[in-house]
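# A look at the structure
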Amino acid sequence: LTQADFVSCQMRGLNFQGCTLTMTQFSASHLENANFSGQRLDRNQFLNSLLTGANFSGVRGEYVAFIEAGLERACFTGAGLRMSDFSAAKLAGSRFDQALLEQCLFPRADARLSQWQRARCRRCDLSRARLDHADFSQAILEHCNLHAIGEQETRWGACRFESVQRTDPVLLRAEEWQYADR
């Protein structure tokens, strides 16, 4: 499917195995429990789509947009994604075990209770992501932005941090500053 447009479609539980998806638009669609496992995704858009329980295990892709998508309990185990955007996505309970994520964006994503065991994140932006109760056991985070993440009871067991950017207190104060009306 190349340049197909499925905006605001009801496609719950569909099996996309065997499809090559290039520049396909799924924005604002209902794709709960859809199966994309093992597929090649290239410049696809899932903006504000509902993908609860969807299976993306083993997918390979670039420039995939999941901005503000509902991806609760989605499976990305073993996925390889480059320059993909999960900004403000709902990822609670999702699995990224053994995934390779390069230059992906996760700012303001809600990834509470998510699983990232043995994942490898290179140059990813996780700023302001909610990672409370997530499990990053044996993950590798290389050159990632971890500014102002929520990490209450996050499991970092044997996680390798290589040149990560932690919270900058001056920047955080500036971001949270509010004008005092007199």
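As the structure is a prediction and not an experimental result, all values here were calculated from the model. (Residues numbered from 1 in each chain as written. Predicted model: local features only at pLDDT ≥ 70, side-chain atom pairs only at ≥ 80, totals over all residues. Heavy atoms only, no water.)

### Some remarks on the overall build of the protein chain
Helix and strand content of the protein chain: one helix and eight strands. Order of helices (α) and strands (β) in the protein chain, N terminus to C terminus: β-β-β-β-β-β-β-β-α. Taking 182 residues into account, the globule formula puts the C-alpha radius of gyration at 16 Å, and the protein chain, at 17 Å, falls close to it. The buried share of the protein chain, reckoned over its 182 residues, is 47%. Contacts in the protein chain between residues far apart in sequence, at least 24 positions, make up 2% of those at least 6 positions apart. Accessible surface computed for the protein chain: about 9000 Å², of which carbon and sulfur atoms make up 47%. Here the protein chain contributes 21 positively and 21 negatively charged side chains, and the mean placements of these two sets differ by 3 Å. (Helix = DSSP H or I, 4+ residues; strand = E, 2+ residues; numbered from the N terminus. Rg over C-alpha atoms; globule rule 2.2 N^0.38 Å. Buried < 20%, exposed > 50% of the residue type's maximum accessible area, 1.4 Å probe, protein only. Contact = heavy atoms within 4.5 Å. Areas by Shrake-Rupley, 256 points an atom, 1.4 Å probe, with all protein chains shown as cover. Lys, Arg positive; Asp, Glu negative; His and termini not counted. Charge placed at Lys NZ, Arg CZ, Asp CG, Glu CD.)

### Here's the deal with the packing of aromatic side chains
Here the distance between the centres and the angle between the planes together describe a pair of aromatic rings. Taken as a whole and assessed by the stated rule, the structure comprises 24 aromatic pairs. Geometrically, the ring pair formed by F16 and F26 is edge-to-face, given 5.6 Å between the ring centres and 80° between the ring planes. One end of the pair, F16, is in the segment before β1 (21–22); the other, F26, is in the loop between β1 and β2 (40–42), with ten residues separating them in the sequence. Both residues of the pair, F16 and F26, count as buried. Consider the rings of F136 and W156, whose centres lie 4.8 Å apart with planes at 25°: the pair is stacked. Placement of F136 in the loop between β6 (120–122) and β7 (140–142) and of W156 in the loop between β7 and β8 (160–162) is noted, with a sequence separation of 20 residues between them. (Phe/Tyr/Trp six-rings, centres within 6.5 Å; stacked < 30°, edge-to-face > 60°.)

### As for the environment of G70
With respect to the helices, strands and loops of the structure, G70 is situated in the loop between β3 (60–62) and β4 (80–82). For G70, a relative accessible area of 4% corresponds to the buried category. In this structure the C-alpha to C-alpha distance between G70 and Q115, which are 45 residues apart in sequence, comes to 16 Å. Every residue in contact with G70, bar those within four places of it in the chain, is listed here: S49, L50, L51, T52 and K90.

### Side note on helix α1 (residues 169–176)
For α1, a buried count of zero out of eight residues is recorded, marking the element as mostly open to its surroundings. Where α1 begins, the capping side chain belongs to D168, and its oxygen is found 3.0 Å from the backbone nitrogen of V170. (Polar contact = N/O pair within 3.5 Å; in protein donor to acceptor, adjacent residues only side chain to side chain.)

### Some words on unusual backbone geometry
Unlike most non-glycine residues, R73 shows phi in positive territory, near 60°. On the accessibility criterion, R73 (57% relative accessible area) is exposed. Within the chain, E153 stands out as a residue other than glycine whose phi angle is a positive 60°. Structurally, E153 can be placed in the loop between β7 and β8.

### Re the environment of S137
Relative to the elements of secondary structure, S137 occurs in the loop between β6 and β7. Along the chain, S137 and L14 lie 123 residues apart, while their C-alpha atoms are 32 Å from each other. If near-sequence neighbours (up to four positions away) are discounted, S137 is found in contact with W116, Q117, R118, R155 and G157. A polar contact of 2.4 Å, which involves the side chain of S137, links it to the side chain of D135.

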